[in-house]
Structure formats: C-alpha cells, structure tokens
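Read off the chains here:
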Amino acid sequence: MTDNYGAESIQVLEGLEAVRKRPGMYLGDPHDGTALHHCIWEVVDNSVDEHLAGHTSEIKVYLHEDHSLSVRDFGRGIPVAIHEKYGISAAEVIMTKLHAGGKFDNSSYKVSGGLHGVGVSAVNAVSEWMEVTIHRNQKIYFQRFEAGVPVKALEEIGTSDETGTLIRFKPDLTIFSEIIEFDFETIDSRMKETSFLNAGLSIVILDERGEDRHESTHFYEGGISEFVKQINQRKTALHEDVIQISGTGMSEKGEVSVDLALQWSDAFSESIMCYTNIIRNRDGGTHLSGLRTALTSCVNTYAKRKKLLKSDGLSGEDVREGLAAVVSVKHPDPSFSSQTKDKLVSSEVSGIVQKVVYEKLGEFFEENPSTAKLIVDKALLASKAREAARKARDLTRRKGVLEGGGLPGKLADCQSRDPAECEIYLVEGDSAGGSAKTGRDRRIQAILPLRGKILNVERQRHNLVKVFQNQEIQTIIRALGAGVGNDPEQEGAFDVEKLRYQKIILMTDADVDGAHIRTLMLTFLWRFMRPAITNGNVFIAQPPLYQLSKGRVNKYAYSDEERDAIIEELKAGNENASIGVQRYKGLGEMNPEQLWSTTMDPDTRTILKVTIEDAEMSDQLFETLMGEDVPERRAFIEKYAKEVTNLDI
Ligand code: 0RA
C-alpha cells in the first residue's frame, strides 16, 4: 500500500441519483433500520481503512441530540487537492461520486468494506445534510452537502495541528422511516466486533441523545485472541493461552492474509466465527472449510505420530468439540454467495487457509507437546462418547420394538392421531400424573408422569450410555416417537416432523425442586431434541400459586401481586371479611377438576413457550444453567420463556 495517494488516482463510476431512487439496492431496507445502520458502517469503514493503513488508532462515533451522527478519525485526512479530470477537490469527488475512493486502484485497495462497499457517497446521497471537516496540511477544510449536493466548494476554515477526518450526517427522513432511530446497542455491539478484528484500534461511542448520555469504549490489544477468550469466558479453557496463527498466500488478485485465534475448552459445542475483510460471514465458506480440513488432519497426524491414537482416526466433529475460534481473512477481491456476504466462495481461499493452518498449527503442537496432548485427549474422549451414544441409541430403538409398538406403559395417550392438535404433558410425580390423567381432555391431551429427578444429562455427557439406559429418558424418547440426537446425519436422529404431539408441555411443581426438574427436562431436550425447542414445540405449564376462598367463592392467583389484588377484590370494602389463602406447593395438592380448570384447560390456561432466540448464546447459557447458581437459572427461564396465552397458538 502506498502513501502517495493523490487526487489523480481516484476513479469515478456513477452519480448519486441512483442511490436516492433505489436506496434498498445499495443500503438494504430503508424501513427496518438495516439501511440506516448500514450508513454508519459505511462511514466507519473508511476510518477503519485508515487504521488498517497504519494511520489512526482511534475512531470516535457521536450520536447527536439532533439525530445526526459523526465519525471522527485521526488518519491522514481525505485528500483535498483538485482532481485532474473533474476540476473539483478529491474530497468532493469521494463525497459525491459513487464508488469513488481507492477501491478500484490496485495500489491502494480498500480492505474493510460495507455490504456493497458503496462508500461514503452513498450515505451522502441519502442524507438530509452531510458535513465533512478535514484536518490536513496544518489546515482545516470544510464542505457541506444537502441531499448529496455540495452547498459550496470545499473551503479552508482554519489551521490545525491535528490530522484526520470528521464526517457528520443526518439521515433524510423522506427516505428512511421516521420511526427508526440509531440504536445504541446495535452500534455498540458492531463496534465491539470491529475493534476485536482490529487489534490496537480504540473505538469510542458517545450517545449524546436525551437525558442519560452514555459512552462506551472498545479497545483490544490482543484482537481476535481476546475475542476467543471472551467466547470462552464462562467455560474452562483446556489450555491457558489462545493459539494465534497468521500467514499469507497468493491469489490471482493478490495477496490473501489469514489470521486465526483458537482455544479449546471443556464445552461440547464448537463456535467458529468467520470474517472476510472485517465482514462477518455467518455461513462460513471457503475459509471455514480450509480451517476444518487442516484441523482434522493436523490433530490426526500429530496423534498418530505420538502414538496417542490406537484405532480409527478422529473425525472432524471430535476434533472441534469445545473449540472456539475466529478466522479473519483479508482478500483484495473476494466473492460471496449473496449480496449479504454470508458465505465466502472464493475457492482459492480454502487452500491458502489450509496450508497456513496446517503448517503453523503443526509447529505449535511440536513446540507445545503438553497442550497438544490435552487437545488430542479431548478429541479422543469426544470420539468415545459419540461411539457409545450410537450403541446406546441403537439399543433403545431395538428395545422399543421388542416391547411392541414402542409406546411406554406409563403413557396415557390421547385419542387423536393428528399431531397438530395433540399435546403431551410431561408431569412431575405419579400423584400429579394421576390427577392429570383424570382431569385432562383425553381426546387431545396425553399424560406422561415422570418419577423424581430425571438424569442430569449435562453431567453425564461423557457417559452417554447411562443417558440412554435411564428409564425416564427412554420413556420420553419413545412417547414422543421422533427419534433422538441433534445430528441430522445420524440414523434415528430427532426429527421434529415425526413428533406425535405438536405441544410438549412441561408441568412441574411451583417450588425449587420443580424448577430444577424443569431445567433438567429442558437440558435433555436441548441436548438431544433441540429442534423441538427451536421450532417452538416446548411449553411450560403455569399452575396457580394460591387458592383464595371466601364462602363458596374460589379464585386462583398465579403470582403474589395477583393474590393481593384478588384479596382486595374479595374483601370488597369489608376489611374484616375472612378470606382463606391456600398456597399450592405441589400439583398433587389439586384434585383433577382443579388441575384441569387452573392449568390444563386450553381455553383458559396460560402456558409459556420456550423460545431460543440465539442458539449459540443459549448453548453457553445451558451450561451456565446447570451450575448450582439458582438465580442464574431462574433468569434464564425468565428470559427464554415467553408468555403466550392460548388464544395465540
Ligand atoms: C483517499 C485517499 C487517502 C485517504 C482517504 C481517502 C481517507 C478517506 C477517509 C474517509 C474517512 N476518513 C478517511 N481518511 C482517509 C490517502 C491520503 C494520503 O495519501 O494522504
């Protein structure tokens, strides 16, 4: 990259009218906040490029009271010399001509880049006004634009001993929906990600809107290594230091650089984040496949050479169990499968990443044999667990067939065979199970009583045989009839389409034990029947906490507040009225009729739907959940159990 970037090397492609006419094409949806925030990323990207070129270590983002936004960097400042071809300043060219900028100049291509790399001019086009202030050549230059059109030429307005660029813009409300505002959280998390990917860059966000002004600073000296540490922060790392690997390879378009940080933990999930030119690729792509190939072969080669591996090779899944990694490639001209850049498809990247990782990770293993052994041992354990699970699963299936039809004896099935209307209650305890069987609507409601605490599958992870031999778990698997296991490749894996009941309702006592049992059930479902949760088939029954009575009148309260309100209502002005308050501890304290009318009647009950917003996060949360920390468990349930009245479903 050269610093002699003068006005003459900027090429110009199109005008700005196109952007105002069809903002969606350039910036994404203008009515849901996508395009609005895209404007910020586009402006910030220019400053990030200055950082990548080695000229700024700080970027400040201001959210102003008037709903405009500023981005300040301390880079070289946009060039101000007069452009040969246009006869206007280079700054004005950059601000008003689409695709203008260094991007198409090989000597100084743009590395970071927004969704379409449309540049700051596209943002100018959709701004009511935009102002650029440049500190350069010991001077300050200023220019204002309205709807992308310069109000005046760039002018000198003072002297400065700083350098850098300040761009301030106010989105044009004739283009964006008026109701959409800049969202601090969205900006904050994106800037956090950006600073993780740019070691040593500090990004400050100052929200000056409204009463409570706040400020947030992101700075990570260690870059992606710190990112990986953060992913693993609630887990126990297998090795203290994050492994960091960097290297380059050549593509036809020029040099491709690869940066990788990885660390294994005692977790079971894998979490690999992929980036190309600082843009996240949600669906991975050729960098991810190159990384996976290299990892599998590197660990296998090492394990064999050190005679740690006896029989078959370790699978990729075994090797990646518990791995957190961030892979970041920089490519002069990458290709993606879609406009949203979710997947990198440049085929040469796979080989480049593979070669870099294979060589450098191999070296790391040689130099750190004790860490290498921990990683191999973990993969061996994963491999054994997987094999044991397969055997146990086969056994469960065969047993189901031997016992005829496979439906467990304890199940009181419903009459209907249409899963869409069927529900199964997984009920804590035989006595509540008995009341539920008597009180239910037997046409559509099936009851499966479960005795005591079901096995904590989290703690049995490495003894899956035990999981599948557990009576209660076998019973659940057979009653639901949809298989078991989250890996869709595996025979007999859980298939949500085969569920015999569209609603799986967990009904436990309203006490600490009940909450624990519910958590155990959820953990089992999460580990072995995940699609049931992600597809929204799992619910939590809400039995009442209190029965309130006055004479013959009985009322139920589902919370303390409701209890107090009902007491007031029953007293009806008579402070001395005698009100009976019965606290329900267990479901077993209710008779079948009470259980039906308070908790099971689809027309009047309230059930909570378990929704998992972000599978990656919740996996971590489930591990947290199974610790001894009860408040944290409760917080989890509250967060993910959304109230749904039966009218909506
Ligand atoms: C073109 C060339 C040079 C810098 C920039 C653009 C530049 C653009 C922006 C946008 C926001 N901040 C920016 N900082 C720099 C290189 C100028 C030189 O060679 O001195």
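Model, not experiment: these values are computed from the prediction.

In this section: the sheet that holds strand E19 (residues 546-550). Across the sheet, three strands lie side by side as E20-E19-E21; this open sheet has antiparallel pairing. Strands at the two margins of the open sheet, each flanked by one partner only, are strand E20 (553-557) and strand E21 (580-583). Taken pair by pair, the neighbouring strands of this sheet meet at an average axis angle of 20 degrees, ignoring direction. Here E19 runs beside E20; their pairing, made up of five bridges, is antiparallel. By the bridge assignment for E20, Gln547 is matched with Tyr556. Along the sheet face, helix H17 (residues 560-571) touches E19, E20 and E21 and points at about 155 degrees away from the line of E20.

Here we take up the side chain of Asn198. Relative to the assigned elements, Asn198 resides in the loop between helix H6 (184-196) and strand E8 (202-207). For Asn198, a relative accessible area of 2% puts it in the buried group. In this structure Asn198 touches Val48, His51, Leu52 and Ile278, once residues within four positions along its chain are discounted.

Within the chain, Asn277 stands out as a residue other than glycine whose phi angle is a positive 50 degrees. Note on placement: Asn277 falls in the loop between strand E12 (271-276) and strand E13 (279-280). We classify Asn277 as buried; its relative accessible area is 8%. Even without glycine at this site, Ile278 takes up a positive phi of about 75 degrees. Structurally, the position occupied by Ile278 is in the loop between E12 and E13.

Relative to the helices and strands, Ile243 is located in strand E10 (residues 243-251). You can call Ile243 buried: its relative accessible area is 1%. The spatial distance from the C-alpha of Ile243 to the C-alpha of Trp264 is 9.4 Å, given a sequence separation of 21 residues. Residue contacts for Ile243: discarding those within four places in its chain leaves Leu260, Ala261, Leu262, Trp264, Leu361, Phe364 and Ile375.

The rules behind these values
- Residues numbered from 1 in each chain as written.
- Predicted model: local features only at pLDDT ≥ 70, side-chain atom pairs only at ≥ 80, totals over all residues.
- Heavy atoms only, no water.
- Pairing = 2+ DSSP bridges.
- Helix = DSSP H or I, 4+ residues; strand = E, 2+ residues; numbered from the N terminus.
- Axes fitted to C-alpha atoms, helices over the stretch in contact; angles between N-to-C directions.
- Contact = heavy atoms within 4.5 Å.
- Buried < 20%, exposed > 50% of the residue type's maximum accessible area, 1.4 Å probe, protein only.

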